[in-house]
Amino acid sequence: LDESLDSYKSLSQFFQRELKPAVRVIDEHAALVVPCDGRVLHYGRCQDGLVEQVKGVSYSLERFLGTLPPLQDAAHNDLFFCVLYLAPGDYHLFHSPCSWRVEKVTHFPGTLMSVNPTVCRYVPNILTLNERVLLSGSWQFGYLGYAAVGATNVGSIRI
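Residues numbered from 1 in each chain as written. Predicted model: local features only at pLDDT ≥ 70, side-chain atom pairs only at ≥ 80, totals over all residues. Heavy atoms only, no water.

Can you lay out the sheet that holds strand β6 (residues 132–139) for me, pointing to particular residues and giving the numbers?
Here three strands make up an open sheet; going across it, the order is β5-β6-β7 and the pairing antiparallel. A single partner strand is all that each edge strand has here, and the edge strands are β5 (100–108) and β7 (142–149). With direction set aside, neighbouring strand axes in the sheet form an average angle of 20°. As defined by bridge partners, β5 adjoins β6 across eight bridges and the pair is classed as antiparallel. Counterpart to Phe 108 in the pairing with β6 is Arg 132. (Pairing = 2+ DSSP bridges. Helix = DSSP H or I, 4+ residues; strand = E, 2+ residues; numbered from the N terminus. Axes fitted to C-alpha atoms, helices over the stretch in contact; angles between N-to-C directions.)

Here it is, written out as structure tokens:
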């Protein structure tokens, strides 16, 4: 960030600033890339219908997605997840993580609590309580769900 924060007319303009050329190099040969600035809080395999929002604190995948995703062969397929946290100073636009087909967009109304990792440790299910937009579809490996979760001071999600 080269400019002064005073050069932005609003907090929204700061969050939605353009990326400078060559700031984010994207591996065009990768099957999946990180779609935003942010920190990986947790990732792994969904187990027993649960997703870890931070270490030791889980929430229901079905509650987060509204329904369990269809698996082509549930006995031989696994679901994986990655929780990314955008800190207040991060660039807040997000992009496609891969080549995929979006088949459904679902809006979940909710609260706009902070999703700071410290808060997530003390508020179970916070990611299922906050407003979010879920894009559901498919990519080369089957089902793909991609969700943007609203938070304090970041209450608008535009796709």
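From this point, the narrative continues.
Can you explain the state of the cysteines? Please cite residues and give values.
A covalent bond between the sulfur atoms of two cysteines is referred to as a disulfide. Going through the model one piece at a time under the given rule, you end up with zero disulfides. Cys 82 provides the cysteine sulfur closest to Cys 98, a residue in no disulfide bond, and the two sulfurs are 13 Å apart. Judged by its relative accessible area of 12%, Cys 98 falls in the buried class. Here Cys 120 is not disulfide-linked; the sulfur of Cys 82 is the nearest cysteine sulfur, at 14 Å. (Disulfide = S-S within 2.5 Å. Buried < 20%, exposed > 50% of the residue type's maximum accessible area, 1.4 Å probe, protein only.)

Quick rundown of the side chain of Glu 131? Include the residues and the values.
Tracing the chain through its elements places Glu 131 in the loop between α4 (126–129) and β6. At a separation of 2.6 Å, a polar atom in the side chain of Glu 131 contacts the side chain of His 107. (Polar contact = N/O pair within 3.5 Å; in protein donor to acceptor, adjacent residues only side chain to side chain.)

Account for unusual backbone geometry, naming residues and giving values.
With the exception of glycine, most residues fall at negative phi, and the peptide bonds are largely trans. The backbone phi angle of Asp 48 is positive, close to 55°, even though this residue is not glycine. Its place among the elements puts Asp 48 in the loop between β1 (39–45) and β2 (50–54).

Can you explain the environment of Gly 44? Please cite residues and give values.
Locating Gly 44 in the fold gives a position in strand β1. Taking the C-alpha atoms as reference points, Gly 44 and Phe 81, separated by 37 residues in sequence, lie 5.6 Å from one another. Ignoring any residue separated from it by four or fewer positions in sequence, one finds Gly 44 in contact with Leu 79, Phe 80 and Phe 81. (Contact = heavy atoms within 4.5 Å.)

I'd like a rundown of the pattern of salt bridges, residues and numbers included.
Inspection of every chain in the model, using the stated rule, returns two salt bridges. In this structure, the salt-bridge partner of Arg 45 is Asp 78, at a minimum N-O distance of 2.9 Å. With a gap of 33 residues between them, Arg 45 in strand β1 and Asp 78 in the loop between α2 (61–65) and β4 (80–85) connect regions that are remote in the sequence. Look at Arg 45 and you get partly exposed, because its relative accessible area is 40%. We note a salt bridge from Glu 103 to Arg 101, for which the minimum N-O separation is 2.7 Å. Assessed through its relative accessible area of 49%, Glu 103 is described here as partly exposed. (Salt bridge = Lys/Arg side-chain N within 4 Å of Asp/Glu carboxyl O.)

Run through the pairing of strand β3 (residues 57–60), naming residues and quoting values.
A one-sided burial pattern is seen for β3, the buried positions being Val 57 and Tyr 59 and the unburied ones Ser 58 and Ser 60. Sheet topology note: the β2/β3 ladder contains four bridges and is antiparallel. Bridge assignment links Glu 52 to a residue of β3, and that residue is Ser 58. Counting the residues that bridge the hairpin from β2 to β3 gives two residues, and of these Gly 56 lies at a positive phi of roughly 85°.

Tell me about the packing of aromatic side chains, and please be specific about residues and values.
In total, this model carries four aromatic pairs according to the counting rule given. Arranged with centres 6.3 Å apart and planes meeting at 75°, the rings of Trp 100 and Tyr 146 form a pair that is edge-to-face. With a gap of 46 residues between them, Trp 100 in strand β5 and Tyr 146 in strand β7 connect regions that are remote in the sequence. As far as the burial class goes, Trp 100 and Tyr 146 line up, both buried. An aromatic cluster is defined as three or more aromatic residues linked by ring pairs; in this entry it consists of Phe 94, Trp 100 and Tyr 146. The cationic tip of Arg 132 hangs over the ring face of Phe 108; the distance from NZ or CZ to the ring centre is 4.3 Å. (Phe/Tyr/Trp six-rings, centres within 6.5 Å; stacked < 30°, edge-to-face > 60°. Lys NZ or Arg CZ within 6 Å of the ring centre and 35° of its normal.)

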